[in-house]
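Given next are the chains, with one letter for each unit.
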Amino acid sequence: MEILASVKSLLLAVAQYRSCRSESTLSQLLRHIEVTLKTNEVDQIFNSYNTLGAECLSSIVELLSANDNDSHLVNKIFQLFNLIGKNYKNKELMTLTFNLTAALSAYIVKHAESSADSHNILQCLRLLERTTYGNCVPSSTAHLEKLLSFLLQQIDNLTGEYASVCLGVLSNLVAKNVTLQAQVKGMMGTHRIRTLMKYLRQDSIINKVSVLSIVTCVCWEDDLAKKLYSIKNVPQTLMLLFSRLPNSDDLLTQHRAADLCVELLKHEEMVQPFTIYESEQNCAARLLLSSVNSPPQMAAKILEVLLSFCQIRGVRHFMHERIVKCNEPWKALLSHASAHVSRANHKASLLALDLILELCEEAVSCPFDEEDETWMADLVPLIYQQMAPTVKDEDQSVSEILLSAATTKTMKSLQILSCLCTEEELRNLVASDFREVVLTQVIEHQLTHNLTGMSGAFLPEWRDLGFSNVGIDVVLFGLELVLKLKAVLPGLEKLLYETLQDNRIVPFLASAITSSKRNRVQTALHLHQEALPLPDFPAVLLAEKITTINKQNSLMGDNEVSTTVPHTHRRVVKTSTSMRSVKAMETNILSLIQKIQSNDESKFETTGKTSEIMDIYEHKISSLVTKENHLEDLLEAKTLALAQADRLIAQYKFQRGRCEEDARRMAELLKESEARCEEIARHMRETENEQTAVERELEAVVEDNKNLQNIADQYEQMQSAFQDKSHRVEVLERNLKTSRQEYDTLKELHDMMQKHSEKVKQQHNSATVRLEELEEERLQLMKRISELESSVSDLTQLVEEQDREVHQLRQEKTQCEVLIKKMKLTIVKKDDDIKDLKIKVATLDAERADGAKALTEKDEAIESLRQKLDKQAQTLLMITELSNNIRGSQA
C-alpha cells in the first residue's frame, strides 16, 4: 500500500508540474521521485498489470518529451527509467507501448550540441542502449534518422566520450530490423568502415563485440565481413566471443556476445569452421561448467547459445559425447534443469530442459551403450521431480508468467520422457523407475483446473493464457507417454482408457486437433485412433466441440483487426475513466492554490478568513481521500466477486450442459427401453411357437460357433505375426537411419582423407626431389674422395721411394765417408723436403677423414628420408584400402 500511495503522489506531482512549472512544484516532484527510487518494488508497480503504474509511466514519458526540462529532473527521470527497465517485460512495455525510444531520441537530438548537458546525454544514451536491447524498434519511430546520424558522427571519433555507448546503441538498433540495416548501410561510407576496423584493433572488448555485431547484421554480404569471418580469422573471433560469455563485468556485453554467436551459427558459411573449432576446443562443455556460478540471466544466455549449437548436426553429436557421457558437465546441466521457477530464474531451467531434449534425441539416434544406464539413472528421477515444480514468488503481477513457466516445465519433462521411450532399451530404463502416481496427478490437475476444460470453450493461441495453452500439451504428452509405456507396464492401460473415456478430455483433444501445430495434431489423432474402439468414448461431443471451434475461428478471422488491439493499451484506456475523480480533485486544489496566491480578498468576502477556508478545504480533501480509498477497496472487492462469479457461472454452464446431455441420453434410453419391451412381448409370443425350431437349429449354431472360434484363433495368430513384422520394420527403419548417418560420416571422412592424400602426394614429390639432390651431392663427394685417395697413394709411393734411397745412401755411407762433408748440405735439403711431404700427407689424411664423416652423415640423411617415404607409402596404401572399402560399401 505504501508503494501505491507513493505512485499516486508521484502522478499528482507530475500533473501539477506540467500545469504550473515553478520551483515549488519542481521540488515536490523531485522529492516524490526520490521516494519512488528508494522503494524495492518499482518493477512490480510500473507494468502492464497495474493501471496506476501504467498511467504514471505514460505521464513521465510525456514530461520527458516536453521542452525546457530541468537538468536535475531529467537525471532523476533517467534513474527511475533505469530502475524500471531492469525487468524485461517492463522494458518492452516502455519501448513498444509508451514509445520511450522516440522520447530519448528527441532529447538527444535537441541537446546534442550542448556541452553543459553532457552528463545527461551520456545517461540518456546508456538508458537507450539498455531499453533497445532485445527489442525491434519500428522504422517509423520519430527522430530515428537524426539519431542514426548522431550515432555515426560520434562513432567517427575513436576517443570520444560517447563512442562506446553509441556503438552499443547502433548494434541494438540494427540487430532485428532489416529496414534500419539497409538505412545504416547506405549512411556508412568507406571512411566509416575503416573507422570500424580501427575499433577492432583496440583493447576494449565491449567495442569489439559491438563492431562485430554491426558488421554481421549490416555488411554480411560485403568483402569486410568475408574478410573478418574467413577461415583464418574465425577461430580468433570465436575465441573472443566464448571468452566473454562466462567472464565479463558488463552483462549487456555478455548478452550481445551470446546473440552474436547465435546469429553467426545461422549462416552456412560458419558451420564447417565452427564444427572444426568445437571438435578441437570442446567449448560446449566448458561453457556449461562456467554457467554454474553465473547469474540466472547469463546462465540462460549460455544455454541459449548451447541450444543454437544443437542446430548443427555434427556439433550435437560432439555435445552428446562430451556432456551426457561426462559426469561434471552433465551434473551442471541437471542442476540448471532442477532450479525452481521464480521471477529471477524461470528461463534457465526451461532452456536446460530444451537442451536435455536435444541431447536425448541424439541419444535415441545412436546405438544403445552401457554408459546410457549411468546418465539415465540421474535424469529420470529428476524429470519426475520437475513434473510438479513450485513457484517461489508471491508477486501477483507476475503469477501468470510464472504459472505458464511452471506448466511449460512440466510439459518439457513429459516430452523428454516421451522421446526416451522411442527406443526400446531406453524405454525399459524409463519403465523401471516409472511413477504412475505423479503422472496421474499431473493429468488430473490439468483436467480439473485448466481453463480449457473448465470453461468448455476453445482458448485460441493468440490470447495470453500461456498456462492453459501449455496445459493442452501436458495432457497430450502425458497420454502419449502412457501409450508408449503400456506395452511394458500393462497396468497403465486402465489409466489410459479411463482418461480417454472421460468427458473432460474432449476440449483438450478438440483444441489439439484444430491447432496450427503439427505435433499437437499428430499426437491428438494418435490418441483419437486409440480411443475409437472404446465403448464410452465421447465421439459425438468431440465432433460438436470441433464444429464449435471452427465456427469461432471463422468469426475471429473476420474480427481480427478489432481483436489485435494491444492488451496494455486497453488497460491504459480503462485507467483514464478511473482517474477522472483524481483529476477533478486535482483541478479544485490547483484553483484554490491560485486563489490563495493571488491574495484577492474580494473573492473571500463571503467565506471569511483564509485560514478557515484552508481548514474547510483540508477537511474536504481528507474526506475525499477517505471516500476514494473506500471506493477503491469496494471496487477491488467487486472485481474479485465478479471474477469469482464468472468462474462459478462458467462451471455452472459446463455442469448444466453435462446434466442436459445426460438427461437427453436418459430420455433416449427410456424410449429405447419401452420400444424394446414391446418388441420383447411380441417376440415372446413368437418364440413360444418357434421354440421347437430353435432347438433344432441350436446344434447348427454350436457348430458355427466352433468354426468361428477357430477363425478367431487364426486371427489372433495373424495379429501377433503382424505385430512382430511391424516391430521388425521399425528396427529396420532405425538401422537404415543409423546406416545413413554412418554413410554421411564416412563420406565426410573420405573427403578429408582425399585432401590429406593430396597433401601427402605433394610432400612425397618434394621429398623425392630432395633425395635426388642429396644423391647427386653424395656422388660428387665420392668422386672427391676417390681423387683424394689417388693423391694419397701417389704420395705414399713417393715416400717409399725416398726411404729406399736413404737406405742405399746408408749402405754407401762407408764408401762415401769422404764425400759426407760435401753431401751434408744435400742431405739437409732432402730432410726438409721429407718433412714437407709428411705434413702434406697428414693434411690429406685429415681431409680424407672429414670427407668420410660427411659421407656418413649424408648416408644417414638418405636413410631417414627413405624411412619417411616408406611411412608415407604405407599411409597411402591404408588410404587406398579405406577408399576401396567405402566404394565397396556404397556399391
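Cut-offs and rules
- Residues numbered from 1 in each chain as written.
- Predicted model: local features only at pLDDT ≥ 70, side-chain atom pairs only at ≥ 80, totals over all residues.
- Heavy atoms only, no water.
- Helix = DSSP H or I, 4+ residues; strand = E, 2+ residues; numbered from the N terminus.
- Buried < 20%, exposed > 50% of the residue type's maximum accessible area, 1.4 Å probe, protein only.
- Contact = heavy atoms within 4.5 Å.
- Areas by Shrake-Rupley, 256 points an atom, 1.4 Å probe, with all protein chains shown as cover.
- Salt bridge = Lys/Arg side-chain N within 4 Å of Asp/Glu carboxyl O.
- pLDDT = per-residue confidence, 0-100.
- Phe/Tyr/Trp six-rings, centres within 6.5 Å; stacked < 30°, edge-to-face > 60°.
- Axes fitted to C-alpha atoms, helices over the stretch in contact; angles between N-to-C directions.
- Parallel < 35°, antiparallel > 145°, perpendicular 65-115°, else oblique.
- Left-handed = near helix turned anticlockwise from the far one by under 90°.
- Nonpolar A, V, L, I, M, F, W, Y, C, P; charged D, E, K, R; others polar.
- Patch = residues over 30% accessible without salt bridge, like charges linked within 9 Å, V, L, I, M, F, W, Y side chains within 5 Å.
- Lys, Arg positive; Asp, Glu negative; His and termini not counted.
- Charge placed at Lys NZ, Arg CZ, Asp CG, Glu CD.
- Expected span 1.5 Å × (residues − 1).

### As for the overall build of the protein chain
Assigned secondary structure in the protein chain consists of 37 helices and 0 strands. Per-residue burial for the protein chain yields a buried fraction of 39% across its 891 residues. Considering only contacts within the protein chain whose residues lie at least 6 apart along the sequence, 77% involve residues at least 24 apart. In the structure as shown, the protein chain presents an accessible area of about 52100 Å², 53% of it carried by carbon and sulfur atoms.

### Re the pattern of salt bridges
According to the stated counting rule, one finds 21 salt bridges in the structure shown. The residue Arg-18 makes a salt bridge to Glu-62 at a minimum N-O spacing of 3.0 Å. With a gap of 44 residues between them, Arg-18 in helix H1 (residues 2–19) and Glu-62 in helix H4 (residues 51–65) connect regions that are remote in the sequence. Residue classification places Arg-18 among the partly exposed residues on the basis of a relative accessible area of 44%. Salt-bridge contacts for Lys-76 lead to Glu-34; the nearest nitrogen and oxygen are separated by 2.2 Å. Of the two residues, Lys-76 is situated in helix H5 (residues 71–84) and Glu-34 in helix H2 (residues 23–38); the sequence distance between them amounts to 42 residues. Its relative accessible area of 26% is what places Glu-34 among the partly exposed residues. In the salt-bridge network here, residues are joined through shared partners; they are Arg-316, Glu-358, Glu-361 and Glu-362.

### Here's the deal with the confidence of the model for the protein chain
On average, residues of the protein chain carry a pLDDT of 79, and 88% of them reach 70 or more. Taken together, the stretch residues 560–586 has pLDDT below 50 and engages in 24 contacts with residues farther than four places along the chain or on a different chain. Overall, residues 599–609 carries pLDDT values under 50, and its contacts beyond four positions in sequence, including any with other chains, amount to 7 contacts.

### Topic: the packing of aromatic side chains
Evaluated as defined, the whole model comprises 9 aromatic pairs. Measuring from centroid to centroid gives 5.9 Å for Phe-242 and Phe-309, while their planes differ by 80 degrees, and the two rings are edge-to-face. Separated by 67 residues along the polypeptide, Phe-242 in helix H15 (residues 234–244) and Phe-309 in helix H19 (residues 296–309) bring together distant segments of the chain. Just as Phe-242 is buried, Phe-309 falls in that class too. Aromatic side chains Trp-330 and Trp-375 sit 5.8 Å apart centroid to centroid with 80 degrees between the ring planes, which places their arrangement in the edge-to-face category. Within this pair, whereas Trp-330 is found in helix H21 (residues 327–337), its partner Trp-375 is found in helix H23 (residues 372–385), the two being separated by 45 residues in sequence. Pair check on accessibility: Trp-330 and Trp-375 agree, each one buried. An aromatic cluster of three or more residues is present, and its members are Phe-242, Phe-274, Tyr-277 and Phe-309.

### Concerning the packing of helix H10 (residues 163–175) against helix H13 (residues 205–218)
For the pair H10 and H13, the least separation of the axes is 9 Å and the interaxial angle reads 30 degrees. The orientation of H10 relative to H13 falls into the category roughly parallel. When the axes of H10 and H13 are compared, the crossing they make is left-handed. Facing Ser-164, Leu-167, Gly-168, Leu-170, Ser-171, Val-174 and Ala-175 of H10, the residues of H13 in contact are Ile-206, Asn-207, Ser-210, Val-211, Ser-213, Ile-214, Cys-217 and Val-218. Here the residues of the contact of H10 with H13 sort into 9 nonpolar, 6 polar and no charged.

### Thoughts on a negative patch on the surface
Negative charge collects at one region of the surface, where Glu-857, Asp-859, Glu-860, Glu-863 and Asp-870 lie side by side. Structurally, Asp-859 is set in helix H37 (residues 820–890). Residue classification places Asp-859 among the partly exposed positions, given a relative accessible area of 37%.

### Brief notes about a positive patch on the surface
Taken together, the side chains of Arg-194, Lys-198, Arg-201 and Lys-227 make up a positively charged region of the molecular surface. Among the secondary structure elements, Arg-201 is positioned in the loop between helix H12 (190–200) and H13.

### Considerations on the packing of H10 against helix H11 (residues 178–187)
Interhelical geometry of H10 versus H11 gives an angle of 130 degrees and a closest axis separation of 7 Å. By the angle class used here, H10 and H11 are oblique. Between H10, through Leu-170, Leu-173, Val-174 and Ala-175, and H11, the contact on the second element is made entirely by Leu-180, Gln-181 and Val-184. For the contact of H10 with H11, the per-class residue count stands at 6 nonpolar, 1 polar and no charged.

### Some details on a nonpolar patch on the surface
Together, Val-818, Leu-819, Met-823 and Ile-827 give the surface a local cluster of nonpolar side chains, amounting to about 380 Å² of exposed area. Assignment of secondary structure puts Met-823 in helix H37.

### A look at H13
Across its 14 residues, H13 extends 20 Å between first and last C-alpha, which sits within 8% of the 20 Å expected from 1.5 Å per residue. Of all the positions in H13, only Asn-207, Lys-208, Val-209, Ser-210, Val-211, Leu-212, Ser-213, Ile-214, Val-215, Thr-216, Cys-217 and Val-218 are classed as buried. Considering only its buried residues, H13 is in contact with H10, H11, H12, helix H14 (223–228), H15 and helix H16 (251–264).

### Remarks on the environment of Ala-650
Within the secondary structure, Ala-650 sits in helix H36 (residues 610–811). Residues Ala-650 and Leu-451, spaced 199 residues apart in sequence, show a C-alpha to C-alpha distance of 9.8 Å.

### Section: unusual backbone geometry
If you check the backbone angles, Asn-99 has positive phi at about 55 degrees while not being a glycine. Counting through the fold element by element, Asn-99 comes out in the loop between helix H6 (88–97) and helix H7 (100–110). Owing to a relative accessible area of 35%, Asn-99 belongs among the partly exposed residues under this scheme. For Asn-282, which is not glycine, the phi dihedral falls at a positive 55 degrees. Its place among the elements puts Asn-282 in the loop between helix H17 (271–281) and helix H18 (283–290). On the basis of relative accessible area, Asn-282 is assigned to the partly exposed category, the value being 24%.

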